[in-house]
Amino acid sequence: MPRSTDSLLIARIGKPHGLNGEVTVQTHTDDPERRFVAGREFDTEAQPGTGVPRVLTLSSARKHREVWLLGFAEIPDRTGAESLRGTRLFVETSELEAAQDHDEEGWYEHDLVGLVVVDPAGAELGTVTGLVVGAAQDLLEVRLTGGRDALVPFVEAIVTDVDLEAGRVVVDAPAGLFDLDES
């Protein structure tokens, strides 16, 4: 059964940690303590042929040196954990409380993708195509009107307004931000 379109990306699995099936994850949630609870089931999206189950049940979650480590009931050892590398974990939006969808200072990727990017004067610059979650800061992936892709630091000084109702993001780009990729 394919993953629902009404699902949210919560994490992407990285490398194994230890011998008992734990894995590192890159979190894509603003509240991992509430999302990573033993017994929670995650829908998975993995490369074909990896043998990754369509659903993984969380058996343990802990932070180690600022990195989340997750263990799953279906994965008892390091060999199984190796097969999970690159797997994305999702939950259905219906499982999340409405108050947690986003707060004043946080958005999920599905909130942002498709929004029109404009400068402070309202001139169209492009469209948001993704969100890269980073350790220091997040980046908006933007397809510029000329067809090139750019990464915009998702910080208040540059992304001055996100208006979901109007379908736009205001980007006050410093000089040269969109020229960095040009040869």
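Please read all numbers here as calculations on a predicted model, not as lab measurements.

Some details on the overall build of the protein chain
In terms of regular secondary structure, the protein chain is built from three helices and 12 strands. Of all 183 residues assigned to the protein chain, the portion counted as buried reaches 38%. Considering only residue pairs separated by 6 or more positions, the protein chain has 49% of its internal contacts joining residues 24 or more positions apart.

Structural notes on the confidence of the model for the protein chain
Across the protein chain, the average pLDDT comes to 84, with 86% of residues at 70 or higher. Across residues 97-104, where pLDDT falls below 50, the model places 11 contacts with residues more than four positions away in sequence or in other chains.

Description of the side chain of glutamate 22
As for its position among the elements, glutamate 22 is in strand S2 (residues 22-27). The exposure class assigned to glutamate 22 is buried, which follows from its relative accessible area of 14%. A distance of 2.8 Å separates the side chain of glutamate 22 from the side chain of arginine 62, its partner in a polar contact. Each residue touching glutamate 22, except ones within four places of it in the same chain, is listed here: Pro16, His17, Ser60, Arg62, Leu69, Leu70, Gly71 and Ala81.

Regarding the nonpolar core
Residues Leu112, Leu140, Val152, Val159, Val169, Val171 and Phe178 are the most contacted members of the largest nonpolar core, which totals 19 residues. Those elements that provide at least two residues to this core are strand S8 (124-132), strand S9 (139-144), strand S10 (149-153), strand S11 (159-163) and strand S12 (168-171). Setting aside chain neighbours within four positions, we find valine 171 in contact with Val117, Val118, Asp119, Pro120, Leu125, Val152, Ile158, Val159 and Phe178. If you look at the next biggest cluster of nonpolar residues, it comprises 18 residues, including Phe36, Val52, Leu56 and Ala81.

Topic: the packing of aromatic side chains
Enumeration over the complete set of coordinates arrives at two aromatic pairs. These aromatic residues form a ring-pair network of at least three members: Phe36, Phe42 and Trp68.

About the criteria used
Position numbers for residues start from 1 in each chain and track the written sequence from start to end. Whole-chain, interface and lining totals are the exception, using all residues; otherwise, since this is a predicted model, local features are given only for residues with pLDDT of at least 70 and side-chain atom pairs are given and counted only at 80 or more. Excluding hydrogens and water, the side-chain figures rest on all heavy atoms present in the structure. Numbering of helices and strands runs from the N terminus, with a helix taken as a DSSP run of H or I at least four residues long and a strand as a DSSP run of E at least two residues long. Only protein chains enter the accessibility calculation, which uses a 1.4 Å probe. A residue is then buried if its area is under 20% of the maximum for its type, exposed if over 50%, and partly exposed in between. Pairs of residues are marked as contacts when any of their non-hydrogen atoms sit within 4.5 Å. Scored from 0 to 100, pLDDT reflects the predictor's confidence in each residue. Each polar contact in these results corresponds to two N or O atoms within 3.5 Å; when the atoms are within protein, one needs to be able to donate a hydrogen and the other to accept it, and residues that are neighboring in sequence are counted only if both atoms are side-chain atoms. For our purposes a nonpolar core is just a set of buried Ala, Val, Leu, Ile, Met, Phe, Trp, Tyr and Cys residues, chained together by side-chain atoms within 4.5 Å. By convention, a stacked pair of Phe, Tyr or Trp rings (six-membered ring in the case of Trp) has centres within 6.5 Å and planes under 30 degrees apart, an edge-to-face pair has planes over 60 apart, and any other such pair is tilted.

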